[in-house]
Amino acid sequence: MTVESVFPRLEALLPHVQKPIQYVGGELNSTVKDWDACDVRWALMYPDAYEVGLPNQGTMILYEVLNEREGVLAERTYSVWPDLEALMREHGVPQFTVDAHRPVAAFDVFGLSFSTELGYTNMLTALDLAGIPLEAKDRTVDHPVVLAGGHAAFNPEPIADFIDAAVIGDGEQAVLDITEIVRAWKAEGRPGGRDELLLRLAKTGGVYIPRFYDVEYLPDGRIGRVVPNRPGVPWRVSKHTVMDLDEWPYPKQPLVPLAETVHERMSVEIFRGCTRGCRFCQAGMITRPVRERSITGIGEMVEKGLKATGFEEVGLLSLSSADHSEIADITKGLADRYAEDKVGLSLPSTRVDAFNIDLANELSRNGRRSGLTFAPEGGSERIRKVINKMVSEEDLINTVGAAYGNGWRQVKLYFMCGLPTETDEDVLQIGTMAKNVIAKGREVTGTNDIRCTVSIGGFVPKPHTPFQWAPQLSAEATDERLAKLRDSIRGDRKFGKNIGFRYHDGKPGIVEGLLSRGDRRIGAVIRAVYEDGGRFDGWREYFSYDRWMACAEKGLAGTGVDVDWYTTRERTYEEVLPWDHLDSGLDKDWLWEDWQDALEEVEVEDCRWTPCFDCGVCPQMDTTIQIGPTGKKLLPLTVVNS
Ligand code: SF4
């Protein structure tokens, strides 16, 4: 069966929409394969606009891994803006891929990567535009398998009705394994229909099929238990861990966007995982253990990637890039090698205590000396103990002082509001820290022209973290606390004018909290929001708190639970959590002990450098911490004759 491109029909609509360029495809390094020469076809979606979706590393990696395989093709699709959505509905144009403009419904697998729960309504828009039934139970053998992945799929229960399957953890090997299962089932003539295919996936133990599990509720609304409802389906589904990152040097040919996107640089992931143990950080917990890419592996990726794209900046990605055991050699080596080409380097994520001026100087050697950003996360020493952020104010002030002394003038600090046990006093200390930073800057530079910007987000407790049991602070209390901080900063005659203050109101955090720790009952809420016009919930201009609250009231009517029950309620040790049957490797008892330690302000060391403290991941997932030094150098340089 040949699948026709919808482009002729789409093209006629493009003059009438904003930024039509984002829908035309043909980016440098994109791939279009012969449809008929392939027997397994994936449509990959990052459920947000092109400008956010295209630079997403996860999607880019899977796109390449799949397309490299003989007989397999992968194309990309992104969320269309509401203006195009309306026209597509009017003219009957389905959700399409940007590569060959093929209708998403024609693919075998529709894989969505969720970094945030706020993309759930965009998934429903895409399904509906594609002509795929919103609910998994209504799909037939002719519809694609709708598969969720990414960090927000570690608790896929709120979207359990809409997806056929979820994969937790690293996707590289997992998509290839799934491809083989789909291929075999198709080659055998699709025996047993859709059900049989899903059952084969479930039996691997690494693909979660929500409809093969029944959820039983207790009279008070809590979950009683979650049980498989057919033979051969495992009780718990495990996360995937790729151990040797050097074996997966992707993306080799990064996509170069046609339209403006959030990042205009090439990114190389230098390691995966983080064992610092910040208790609020879901990414750190669910990506354990640490696995470093080797220094020579990184060098090769940078070289090939720059050649393939022509970018002038390289971002060294990870959860805390300065923590790579050979970061000094990596940055020096890269700065040396690309000195002539003026290729800039950046570490998008850096901890205060892992930062040093030599590193900063290497990073800015070939480019601009832009602002420095640090994330102390908590304003007071006490709250930083609670969250295990092990950074003292002294560390921060010394680091910042050194930066000012070396020519930096702008420092940005990130914090959270609403952390467990937090009081007004903890938050007010954010202002004190900013003042101390400026005072240090003035002292070191002898000028008053020093700025510090504080940026504050609301804390949302996440599954698979020690704070999964914690009560979330209500939107009203968050707003009140932040107003007090703002007033105290503005009222300061000596420093107030030099402190920039950015914060988000508490409302989006409550919706994120509802979706993060929700169970299957939240599906009705998501659907109601979508049907009421909810789109792009991660975008301030589209997000409607009132709509979410009104739909939650409707969607949860008769269940005995409400938004507060999901968000501001503290859970007990005994409670079955909606994601307990999804195994991130972390031992639940260890997480509970760490939660108790948090309440007692007890800190836990980074297990990378100290003995294992038994979080459970390594024995459970048969993995180990993997760090250098390898002792290798990025150089010798390729000699440049000038
Ligand atoms: S099992 Fe031990 S070594 Fe492995 S991540 Fe957990 S604490 Fe660290």
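Above this note sits the structure.
All of these numbers come straight from a predicted model, not from anything done at the bench.

1. Quick notes on the side chain of Arg-442
- On the secondary structure map, Arg-442 appears in helix α14 (residues 424-445).
- Summary of buried charges: Arg-442 has no salt-bridge partner, and the nearest side chain of opposite charge, Asp-492, is 7.5 Å away.

2. Considering the pattern of salt bridges
- Under the definition given, this model contains 55 salt bridges.
- Between Arg-76 and Glu-27 there is a salt bridge; the shortest N-O distance is 2.7 Å. In this pair, Arg-76 sits in strand β2 (residues 72-78) while Glu-27 sits in the loop between α1 (7-11) and β1 (40-46), placing the two residues 49 residues apart along the sequence. A single burial state applies to Arg-76 and to Glu-27, both of which are buried.

3. Points about the sheet that holds β2
- An order of β2-β1-β3-β4-β5 is seen for the five strands of this open sheet, with the pairing classed as parallel. Taken across any chain shown, the strands that pair with only one partner, and hence form the sheet edges, are β2 and β5 (165-166).
- Helix α6 (residues 172-187) contacts β1, β2, β3 (109-113) and β4 (145-149) of the sheet and is inclined by roughly 140° relative to β1.

4. A short note on the environment of Arg-89
- Assignment of secondary structure puts Arg-89 in helix α4 (residues 82-91).
- Taking the C-alpha atoms as reference, Arg-89 lies 9.8 Å from Asp-128; in sequence the two are 39 residues apart.
- Beyond its immediate stretch of four places on either side in the chain, Arg-89 contacts Thr-125, Asp-128, Leu-129, Tyr-530 and Arg-535.

5. Digging into unusual backbone geometry
- Here Tyr-250 and Pro-251 are connected by a cis peptide whose omega angle stands at -5°.
- Summarising the element assignment, Pro-251 is placed in the loop between β8 (237-238) and β9 (266-269).
- Following Arg-288, the chain continues into Pro-289 via a peptide bond in cis, with omega recorded as -10°.
- With respect to the helices, strands and loops of the structure, Pro-289 is situated in the loop between α8 (282-286) and β11 (291-292).
- Positive phi outside glycine occurs at Asn-29, with the angle close to 75°.
- Within the fold, Asn-29 resides in the loop between α1 and β1.
- Using a relative accessible area of 18% as the deciding quantity, one classes Asn-29 as buried.

So, how was this worked out
Residues numbered from 1 in each chain as written. Predicted model: local features only at pLDDT ≥ 70, side-chain atom pairs only at ≥ 80, totals over all residues. Heavy atoms only, no water. Helix = DSSP H or I, 4+ residues; strand = E, 2+ residues; numbered from the N terminus. Buried < 20%, exposed > 50% of the residue type's maximum accessible area, 1.4 Å probe, protein only. Lys, Arg positive; Asp, Glu negative; His and termini not counted. Salt bridge = Lys/Arg side-chain N within 4 Å of Asp/Glu carboxyl O. Pairing = 2+ DSSP bridges. Contact = heavy atoms within 4.5 Å. Axes fitted to C-alpha atoms, helices over the stretch in contact; angles between N-to-C directions.

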